[in-house]
Amino acid sequence: MDTGSSAVLRTEEFGTLADGAVVHRWTLERDGTRVRVLTYGGIVQSVEVPGRDGAQADVALGLPDLAGYETFPGPYFGALVGRYANRIGGACFELDGHTHRLTRNEGRNQVHGGARGFDKRVWRAREVADGVELSLVSEDGEEGFPGRLTVSATYTLDAGGALRIAYRAATDAPTVLNLTNHTYWNLAGADSGSALGQVLRLAAARITPADAESLPTGEFLPVDGTRFDFREPKPVGAGYDHNFVLDGAGAEPVAELYDAASGRVLTVTTTEPGMQLYTADHFDGRPFGPCAGIALETQHFPDSPNRPDFPSTVLRPGEEYVSTTVYGFAVR
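Residues numbered from 1 in each chain as written. Predicted model: local features only at pLDDT ≥ 70, side-chain atom pairs only at ≥ 80, totals over all residues. Heavy atoms only, no water.

Chemist: Please explain the overall build of the protein as it appears in this structure.
Modeler: The number of helices and strands found in the protein is one helix and 28 strands. In terms of overall dimensions, the protein is globule-like: its C-alpha atoms have a radius of gyration of 19 Å, near the 20 Å expected for 332 residues. In terms of overall dimensions, the protein has C-alpha extents of about 60 × 50 × 35 Å along its principal axes. Considering the protein as a whole, with its 332 residues, one finds that 57% of them fall into the buried category. (Helix = DSSP H or I, 4+ residues; strand = E, 2+ residues; numbered from the N terminus. Rg over C-alpha atoms; globule rule 2.2 N^0.38 Å. Buried < 20%, exposed > 50% of the residue type's maximum accessible area, 1.4 Å probe, protein only.)

Structure below.
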């Protein structure tokens, strides 16, 4: 592992998709952290960090080959999700008096950008200081979204080995945008079984409760006295797929996950107002079992285009979408 002043970068051909597109893998190493990123879907394939005893383990659920990601797209393992992370109810929204009808890929709704979202695109890659910048153009009308969107996601390793993902985008017509990374974390190791029991602290005094379709009801529910209260650290149980309203997103970590056995600590710092806590209860063993990882998806709220009282996800010409999330690693 590199312990120098900057990240060590390598790139290699990872495989070929069924349509013939070539996918590359970038490896970033710095200060005890090794991250592998694919140009397919902006996928974080692996994150290797040391434990209390110095032993390295991959703490991000990933698949060994490209065929696996084509075979199991639904879990979005490590993927860059867009144009709109989470759900848009009825797969439609109104903006400036125009109704935009989106592709449906979860019943009557759209989830994670539709049938061919950003997680299924091959991104252009270029080396930048301490990392790699991925970029693409999403044409007007893709999956029903308006506007020709130019978007980039830059993956870098900061001093100390923290993984920083910085998103930028611009549009030529009014649209909506909500990007996230969908890594599932298991600090005991990706092959260690269930991640339940790892200890979570989450700076969120409210959630946006959801209905049977996992769409927000429009309410803001205080977490006091409920199983959603992670303001003080406690073990994670099963049954979570909820958006938490973050208290003061910005310079300080809004989440911390801890594995007592290995001593590994993950912190999450973000500019986003929300975080989806998802415990992957429905994994069926292909290739991971139930609750094998915990997703901490930084985001704007689900269905915001249809909820004017939620923080806006509208992006207009002349504006720039900017969002950053940092995943820090330590031992205790």
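Chemist: Is there a simple way to explain the nonpolar core in this structure?
Modeler: Nonpolar side chains tend to gather and get buried jointly when the protein is soluble and globular. Counting residues in each nonpolar core, the largest one holds 54 residues, and the members touching the most others are V47, Y155, W185, L202 and L266. Looking at which element gives the most residues to this core, the answer is strand β13 (residues 149–157), with five residues. Residues in contact with Y155, not counting those within four places in the same chain, are L28, V37, G42, V44, L80, D130, G131, V132, L134, L163, R164 and I165. Membership of the second largest hydrophobic core comes to 24 residues, among which are L38, L66, Y184 and F288. (Core = buried A, V, L, I, M, F, W, Y, C linked by side-chain atoms within 4.5 Å. Contact = heavy atoms within 4.5 Å.)

Chemist: Would you mind showing me how to read the environment of V236 here?
Modeler: Tracing the backbone shows V236 in the loop between β21 (234–235) and β22 (241–245). Each C-alpha atom of the pair V236 and L200 lies 6.3 Å from the other, and the pair is 36 residues apart in sequence. Leaving out residues up to four positions away in the same chain, V236 has contacts with L196, G197, Q198, L200, F230, L257, T279 and I294.

Chemist: Mind showing me how you'd approach the packing of aromatic side chains here?
Modeler: How two aromatic rings sit relative to each other is given by the distance of their centres and the angle of their planes. Per the counting criterion, the structure on display carries 16 aromatic pairs. Ring centres 5.9 Å apart and planes at 55 degrees place the aromatic pair W185 and F329 in the tilted group. Of this pair, W185 sits in strand β17 (residues 184–185) while F329 sits in strand β28 (residues 321–331); the two residues are 144 residues apart in sequence, bridging distant segments of the chain. Every member of this aromatic cluster is reached through a ring pair, and the members are F77, Y184, Y278, F283 and F288. Here K234 stacks its cationic end above the ring of F230, 4.7 Å away from the centre of that ring. (Phe/Tyr/Trp six-rings, centres within 6.5 Å; stacked < 30°, edge-to-face > 60°. Lys NZ or Arg CZ within 6 Å of the ring centre and 35° of its normal.)

Chemist: Which parts of the structure should I look at to understand the pattern of salt bridges?
Modeler: Any two side chains of opposite charge can pair, so long as their charged atoms come close to each other. Under the counting rule described, the total for this entry stands at 20 salt bridges. Its salt-bridge partner being R34, residue E48 comes within 2.8 Å of it at the nearest N-O pair. With a gap of 14 residues between them, E48 in strand β4 (residues 44–50) and R34 in strand β3 (residues 33–38) connect regions that are remote in the sequence. We classify R34 as buried; its relative accessible area is 17%. Of the charged contacts, one joins R168 and E320 as a salt bridge, the two residues approaching to 3.0 Å between their closest N and O atoms. Here R168, found in strand β14 (residues 163–171), pairs with E320, found in the loop between β27 (314–315) and β28; they are 152 residues apart in sequence, far enough to count as distant. One network of salt bridges, with partners in common, ties together R10, E29, R34, R36 and E48. (Salt bridge = Lys/Arg side-chain N within 4 Å of Asp/Glu carboxyl O.)

Chemist: What is the right way to read the sheet that holds β3 from this model?
Modeler: In a beta sheet, neighbouring strands pair by backbone hydrogen bonds and run either parallel or antiparallel. If you trace the five strands from one edge of the open sheet to the other, you get β1-β2-β3-β4-β5, paired in antiparallel fashion. Looking along the sheet, the strands with just one partner apiece sit at the ends: β1 (8–16) and β5 (56–58). Across the sheet, the mean angle from the axis of one strand to that of its neighbour is 15 degrees, orientation sign disregarded. With eight bridges joining them, β1 and strand β2 (residues 22–30) adopt antiparallel strand pairing. The partner of L9 across the bridge, within β2, is L28. (Pairing = 2+ DSSP bridges. Axes fitted to C-alpha atoms, helices over the stretch in contact; angles between N-to-C directions.)

Chemist: Just to check I follow, could you spell out the pairing of strand β24 (residues 264–270) for this structure?
Modeler: For a regular strand, the rule is simple: side chains alternate between the two faces of the sheet. The buried fraction of β24 is high, at six of seven residues. Bridge analysis of strand β23 (residues 255–258) against β24 gives four bridges, and the strand direction is antiparallel. Along β24, the bridge assignment pairs E256 with T267. Turn length for the β23-β24 hairpin, with the two strands adjacent in sequence and antiparallel, is five residues, and the turn residue G263 shows positive phi of about 80 degrees. Alignment of β24 against β28, held across seven bridges, turns out to be antiparallel.

Chemist: Help me understand the pairing of strand β18 (residues 199–202) in this model?
Modeler: Where burial is concerned, the two faces of β18 differ: the one with L200 and L202 is buried and the one with V199 and R201 is not. Where β18 meets β21, two bridges bridge the pair, whose relative direction is antiparallel. Paired with L200 across the two strands is K234, which belongs to β21. Alignment of β18 against β23, held across four bridges, turns out to be antiparallel.

Taken by themselves, the reported measurements are silent on function.
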